[in-house]
Every structure is written in C-alpha cells, then in structure tokens.
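# Working through the structure, step by step
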Amino acid sequence: RMRADYRKNDMTLNEWFEEWFENVKSHRVKETSIAPMKRSYKRTFGFYIGNMKLNKIRPMHIQSAVNAMEKEGRSGRTIQDALGRVRECMEFAVANRMIPSNPCIVIEVPWTYKASKEEIALTQKEQNAFLQAVDDSWYKEMFYFMCLTGVRVGELGALKWEDIDFENELINIKHSLSSQYSDGVKKEMITSPKTVNSTRSIPFIGEMRDMLKSQKVKQAELRKNLGEERWRGKGELDNLVFTTGMGSPCNRYIVQKEIKKVLKRMREDEAVAAIAEHRPERVIRDFHPHTLRHTFATRCFENEMKPKVVQKLMGHSNITVTLNIYTHVLENKMDEEIKKFGTAMTDPNALIPQNIKLKNVTANSHG
C-alpha cells in the first residue's frame, strides 16, 4: 500500500522505485516483463544513485549516471529504457508532491548522436546479398518472412499455423515468445504481444503464399523423418510456423546465431573472391535480428508508403517510433538528391530539358 503522507517520507530512490513499481507500473506490464525491468533498474540507476535521498537528486546526478553507463559501454537502448522508467517514476513523485520537479527532463543522452547497430537498416543491396546467401539454409523461409513482414523476433517465434489465413492472405500477429531462466533452467512460453498495437494483421507481400507453403511442406517432412519422440515442439510450443531443425522455437538466440553463421560464410566467400580477382575485400557489417525489422520499415518508406500505414504494419504503439525511421530514410534520399544536383552543376545543361541548351556566354554579353 502507498504511504499516506509522502512529504514526511525521507525515502531513497531505491525505496521509492520499489513502491512505485509495485503499486503503479507492475499493473500495466506483462507479468514476464516485471523481473527483467527490476533487474535493469538495479543494474543502472539503482546501482549509481539508488541510495540517494529522493528529494536530493538533481539533473546533474542523473546525467552523471548516464555518463558512467555510456563510459562502461552500456548500449544506447539499455540506457534509454532505464532512463525512461526512472523518468516515469520521478514524474509520479512530482505528482504526489514528494519532489518539486523531475530531474530526468533535461538530460544529454548518447542515442541523440548515434544509432545503434539494431537501428541501422540494411541497404537493398545488402539485403539482396544476405537473402541470396541463405538460399540453401534451413532458415531461408524464416529470413525471407522477416524481411517481408518486419515482425519482432518474439512474434516470429510464437507464430502458429492457425495464425496464417491463406484464404484472405493475412498473417495474424497475436502472441509473443518469451524465454526466461529460472534456477538455471530455460523456460519458453507463449505470451501476449508487447503492446495493444502489436496485435495486428499483415497482408501477404510478394511471394509470401508460395514461401509459407514451402515452409509447411518442408517442416512436415522433417517432423515425419524425426518422429514425434524426437520432435521438440510440445504442448503450447507445438504447431509453430518457424522452428529449428529439431522442432524447437526460433527464439532471439537462434536467429542471432544463424545471422552470424551466414555473415561468417559471406565474408569467407568474399575474401576468396577478392584474392582470385585481385580486388579489395568488401566487408559485410554485423547486424542484429531487430535490424531486419528496421529494414522492412525502410523498404516501405523507400516505396513511398504512408507513415500511418507503416505504423500499423509494424505494430508501433507510438507514431514517433515510425517517424524516426521515416526521417532517417528522408535524410538518405536528400543526400542522394543533393549528390545528383552537385553532378548536374558541373554540367549546367543537365538541369535543363534536352531540347533546350544554354547559349555560350561571352565577356561581351549583356544582361
């Protein structure tokens, strides 16, 4: 129960966070998210300033904690999530007159200046090269599916065959795969999606129908060959669309591991080709499973799809997230257009219709 007279409390940030989370936040998040959120807080702001008195914390203390986390190499995503949660916690303290203002408002944050690897979409050329490289892989259909839908890895792992509506050509996203460890034992379960907006229907794009049918046939054949005893997809984890070669769910670890294997092989092939052809070796950058989600959104915007439509396809709860990707695409397009203009400036006639040419201007010309 919340304490009656907040102004008399001489609470630390740790004490207030625990009380706020228990009475406010925990009721608005999935049960499986509670423990990870608490751990994240304890390892970030709880570690650096958790023992400070709540009413003594100033923006400089929050900034120092952010700077220390960045210096330690914490990812922008980790810091961003932790800061957002503490900001909510502090805002509730302001509303209850425990502190006069929120010290998290005016903070210089690292992600303002650089995007994480997960947020940098693949170019069309990189995407094509990657998909070509997985052509002989068991996970070929899975990677094509990710590029054609932009689903989260958790949504991919929880997708079942009954969620595929072949008649209306729709993919119904209703669940998410959660992987947690309890006493050193991994437990995977099907949970509700990340947010209310995450529940959505994605229409078939391109060769989606044929690709899904290919996956169904391939999977059924593998299951038959392995036998039900060896097939690992049991109980609520049965009938999944995408599985490992043993029937286990495709969780984030599996997808990341397969991406690394493909990239390693691509680099080796490029190195051999570079030596044979006496040319410099091209380096293929690393990327995360979430990168394919950003890649899908980027392709949508490159094909001039409206932001609200992309938001619905992606299941973003906030249009701002969608617009951030849109802005990045626009910046890239602007750079391309400016380069074109710069090239044209070296030849003024390039900016003018072909049937009209500039007259030669001499020193004696007037006007």
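Residues numbered from 1 in each chain as written. Predicted model: local features only at pLDDT ≥ 70, side-chain atom pairs only at ≥ 80, totals over all residues. Heavy atoms only, no water.

### What to know about the overall build of the protein
Our working definition: Strands here mean DSSP runs of E at least two residues long; helices mean DSSP runs of H or I at least four residues long; both are numbered from the N terminus. Relative accessible area decides the class of each residue, using a 1.4 Å probe on protein chains only: under 20% of the type maximum gives buried, over 50% gives exposed, and in between gives partly exposed. Should any heavy atoms of two residues lie within 4.5 Å, those residues are considered in contact.
The secondary structure content of the protein amounts to 13 helices and 5 strands. Looking at the protein as a whole, 41% of its 367 residues are labelled buried. Taking as baseline every contact in the protein between residues at least 6 positions apart, the subset at least 24 positions apart corresponds to 62%.

### With respect to the confidence of the model for the protein
Threshold: pLDDT is a residue-level measure of predictor confidence that goes from 0 to 100.
Averaged over the protein, the pLDDT score is 85; the fraction of residues at 70 or greater is 85%. When pLDDT is averaged over each helix and strand of the protein, the minimum, 76, is found for helix α13 (residues 319-345) and the maximum, 98, for strand β1 (residues 164-165). Within the model, pLDDT remains below 50 along residues 356-367, and this stretch shows 4 contacts once partners closer than five positions in the same chain are excluded.

### Points about unusual backbone geometry
If you check the backbone angles, Asn239 has positive phi at about 70° while not being a glycine. Mapped onto the secondary structure, Asn239 falls in the loop between α9 (208-226) and α10 (252-277).

### Some points on the sheet that holds strand β5 (residues 200-203)
Strands belonging to one sheet form pairs held by backbone hydrogen bonds; the direction of such a pair is parallel or antiparallel. Heads up, the rule is: A pair of strands is considered paired only if DSSP assigns at least 2 bridges between the two.
Read across the open sheet, the 3 strands follow the order β1-β2-β5; overall the sheet is antiparallel. Looking at the sheet topology across the chains shown, the edges are occupied by β1 and β5. Inspection of the sheet shows β1 paired to strand β2 (residues 170-173) by 2 bridges, in the antiparallel sense. The residue bridging Asp165 from the neighbouring strand is Leu170, located in β2.

### Looking at the pairing of β2
Count of turn residues in the β1/β2 antiparallel hairpin: 4 residues, of which Glu169 carries a positive phi of about 55°. With 4 bridges connecting them, β2 and β5 associate as antiparallel partners. Within the sheet, the bridge partner assigned to Ile173 lies in β5 and is Arg200.

### With respect to the pattern of salt bridges
To be explicit about the condition: Any carboxyl oxygen of Asp or Glu within 4 Å of a side-chain nitrogen of Lys or Arg constitutes a salt bridge here.
Applying the stated criterion across every chain, the model contains 18 salt bridges. In this structure, the salt-bridge partner of Glu72 is Arg74, at a minimum N-O distance of 3.7 Å. Take Arg74: its relative accessible area is 27%, and that puts it in the partly exposed class. Linking Arg223 and Glu228 is a salt bridge whose minimum nitrogen-to-oxygen distance equals 3.0 Å. Residue Glu228 is classed as partly exposed on the basis of its relative accessible area, which comes to 45%. Each of Glu18, Glu22 and Lys38 takes part in salt bridges that share partners, so that together they form one network.

### Observations concerning the packing of helix α1 (residues 13-23) against helix α2 (residues 31-43)
Worth spelling out the cut-off: Note on method: axes are straight lines fitted to C-alpha atoms, helices fitted across the in-contact stretch only, with angles between N-to-C directions ranging 0 to 180 degrees. We call two directions roughly parallel when the angle between them is under 35 degrees, roughly antiparallel when it is over 145, roughly perpendicular when it lies between 65 and 115, and oblique otherwise. By convention the crossing between two helices is left-handed if the near helix lies anticlockwise of the far one by an angle smaller than a right angle, and right-handed if it lies clockwise. Think of it as three bins: nonpolar holds Ala, Val, Leu, Ile, Met, Phe, Trp, Tyr, Cys and Pro, charged holds Asp, Glu, Lys and Arg, and polar takes everything else, Gly as well.
Relative orientation of the contacting elements α1 and α2 amounts to 165°, with a least axis distance of 12 Å. Relative to α2, α1 is oriented roughly antiparallel. For the crossing formed where α1 meets α2, the hand is right-handed. Within the contact between the two elements, α1 uses Leu13, Asn14, Phe17, Glu18, Phe21 and Glu22 and α2 uses Ile34, Met37, Lys38 and Tyr41. Its residues placed into classes, the contact of α1 with α2 shows 6 nonpolar, 1 polar and 3 charged.

### Quick notes on the nonpolar core
Test applied: Within this scheme, the nonpolar core is defined by two criteria: the residues are buried Ala, Val, Leu, Ile, Met, Phe, Trp, Tyr or Cys, and they are joined through side-chain atoms within 4.5 Å.
With 45 residues, the main nonpolar core has Phe130, Phe143, Phe145, Ile171, Leu212, Phe242 and Val255 as its most contacted residues. Looking at this core element by element, the count peaks at 6 residues for α10. For Phe145, the contacting residues outside a window of four places in its chain are Gly150, Val151, Leu156, Leu159, Ile171, Met208, Met211, Leu212 and Phe242. Formed by 30 residues, the second largest nonpolar core is a distinct cluster that contains Trp20, Tyr41, Ile62 and Cys89.

### Description of the state of the cysteines
Filter applied, for reference: Only a pair of cysteine sulfur atoms within 2.5 Å counts as a disulfide in this structure description.
For the structure on display, the rule yields 0 disulfides. Cys89 carries a free sulfur, and the closest cysteine sulfur to it, the one in Cys104, is 8.2 Å from it.

### So, the side chain of Asn172
The topology assignment puts Asn172 in strand β2. When neighbours within four sequence positions are excluded, Asn172 is seen to be in contact with Leu159, Asp163, Asp165, Arg200 and Ser201.

### Some remarks on the packing of aromatic side chains
Applied cut-off: Pairing of aromatic rings covers Phe, Tyr and Trp, the last through its six-membered ring, and needs centres within 6.5 Å; plane angles under 30 degrees mean stacked, over 60 mean edge-to-face, and all others mean tilted. Note on geometry: a ring has a charge over it if NZ (lysine) or CZ (arginine) is within 6 Å of the ring centre and within 35 degrees of the ring normal.
Taken as a whole and judged by the stated rule, the model has 11 aromatic pairs. For the pair Trp20 and Phe21, a centre-to-centre distance of 6.1 Å together with 75° between the ring planes defines the contact as edge-to-face. Per residue, the accessibility class of Trp20 equals that of Phe21, and both read buried. Members of the aromatic cluster, connected to one another through ring pairs, are Phe17, Trp20, Phe21 and Tyr41. Note that Lys216 overlies the ring of Trp161, its terminal NZ or CZ placed 4.3 Å from the centroid. Lying over the aromatic face of Trp138, Lys218 brings its terminal NZ or CZ to 4.5 Å of the ring centre.

### What about helix α6 (residues 124-133)?
The condition that has to hold: Starting at the helix axis, one direction is taken to each C-beta atom, and the arc is that of these directions.
For α6, the complete set of buried residues consists of Gln127, Phe130, Leu131 and Ala133. Along the long axis of α6, the arc covered by the buried residues comes to 160°, so they all point the same way. Set apart from the buried face of α6 by more than 90 degrees, the exposed residues are Lys125 and Gln132. Structurally, α6 contributes buried residues whose contacts are with α7 (140-149), α10 and α11 (289-302).

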